Amino acid sequence: MKPPFSPKTINYSQVIHLSHPIASNIPQWPGDPPVEFEAIATLSTDGYYLRRFAMGEHSATHLNAPNSFYPEGVGIETYSAESLIVKAVVINICQMADENPDYTLTCADVLAWEAEQGEISAGTVVLLYTGWQHKWSDPDAFINQQHFPGFAPETTQFLLDHRQIGGVGIDTHGVDGGQDLTFATNRQVLEQPRIVLENLTNLNQLPPTGTTLAIAPLQLVQGSGSPATVLAFLP
């Protein structure tokens, strides 16, 4: 995959984790396999501690791959290292999402944000802070019977066509609103293919502009996605 930009140095004042810790009780998309841990070796018996773990490719904080929606799409292992270092902006829709859990980002929201922060530059990943990250400890509230906010398909298309964004990310279980079971935003972005990040956290600690992300998925051969460590470098 072609990188959206190639920084030789990253100047930063602080580094923040944007990934949730992985445990067996994290919120799960309905029908996804459970997160499981099993002790294989213990200090008392074997002299060292080792666990086996199992989970779905789209559980926890994760990066999606094109082959999750397109038969000829590439797997997660094809993302080059350079393509996983990206600029990011944050759009805050917490108030709208609090009033309407099915709220989706509109083109008007983007233009209003740009009137204050400046036009989104090409190659940038647009992160949507909805406030859902604060519901993570309550799986029922987080999934909310699949009523949660996201990107409206027409807004995603506008960002791809007119801003040439590098991808999207969100603090809910899907960049698509929970009621969009066509997964339109996922399909639009991954068709390119570009970045799709879901189940992010700590977006409230990021400034609207100036952040650089380092995204580290597992190199799963033909993976449809992967749990990922996402680090934010703040200016």
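Everything below is about the structure printed above this text.
Below: a short report on this structure.

### Concerning the overall build of the protein chain
Looking only at helices and strands, the protein chain has 6 helices and 12 strands in total. Whereas a compact globule of 235 residues would reach a radius of gyration of roughly 18 Å, the protein chain reaches 18 Å, a difference of no more than 12%. Expressed along its principal axes, the backbone C-alpha trace of the protein chain runs to roughly 65 × 45 × 40 Å. Taken over 235 residues, the protein chain has a buried fraction of 49%. Within the protein chain, counting contacts between residues at least 6 apart in sequence, those at least 24 apart form 74% of the total. Only carbon and sulfur atoms are counted for the fraction: they give 52% of the accessible area of the protein chain, which is about 11000 Å². Each charge sign in the protein chain was given a centre, from 9 positive and 24 negative side chains, and these centres are 9 Å apart.

### A short note on the pairing of strand β5 (residues 85-92)
The side chains of a regular strand alternate between both faces of the sheet. When β5 meets strand β11 (residues 211-217), the two strands line up antiparallel, connected through 4 bridges. The residue bridging K87 from the neighbouring strand is T212, located in β11. In terms of strand pairing, β5 meets strand β7 (residues 125-129) through 5 bridges, oriented parallel. Residue pairing for β7: A88 is matched across the bridge by V125.

### Structural notes on helix α5 (residues 153-162)
Looking only at α5, the buried set comprises T155, T156, F158, L159 and L160. Tucked inside the fold, the buried residues of α5 contact β6 (104-105), α3 (107-117), β7, β8 (150-151) and α6 (184-190). Two residues or fewer past α5, Q164 is found with a positive phi of approximately 50 degrees.

### Quick look at the pattern of salt bridges
Taken as a whole and assessed by the stated rule, the structure comprises 3 salt bridges. E38 is the salt-bridge partner of R52, the closest N and O atoms lying 3.6 Å from each other. Of the two residues, R52 is situated in strand β3 (residues 50-54) and E38 in strand β2 (residues 36-41); the sequence distance between them amounts to 14 residues. With relative accessibility at 41%, the residue E38 sits in the partly exposed group. Among the ionic pairs, E114 bridges to R163, the shortest N-O distance being 2.7 Å. Highlighted residues: E114 in helix α3 and R163 in the loop between α5 and β9 (167-170), separated in sequence by 49 residues. R163 carries the same exposure label as E114, and that label is buried.

Each value, and the rule that gives it
Residues numbered from 1 in each chain as written. Predicted model: local features only at pLDDT ≥ 70, side-chain atom pairs only at ≥ 80, totals over all residues. Heavy atoms only, no water. Helix = DSSP H or I, 4+ residues; strand = E, 2+ residues; numbered from the N terminus. Rg over C-alpha atoms; globule rule 2.2 N^0.38 Å. Buried < 20%, exposed > 50% of the residue type's maximum accessible area, 1.4 Å probe, protein only. Contact = heavy atoms within 4.5 Å. Areas by Shrake-Rupley, 256 points an atom, 1.4 Å probe, with all protein chains shown as cover. Lys, Arg positive; Asp, Glu negative; His and termini not counted. Charge placed at Lys NZ, Arg CZ, Asp CG, Glu CD. Pairing = 2+ DSSP bridges. Salt bridge = Lys/Arg side-chain N within 4 Å of Asp/Glu carboxyl O.

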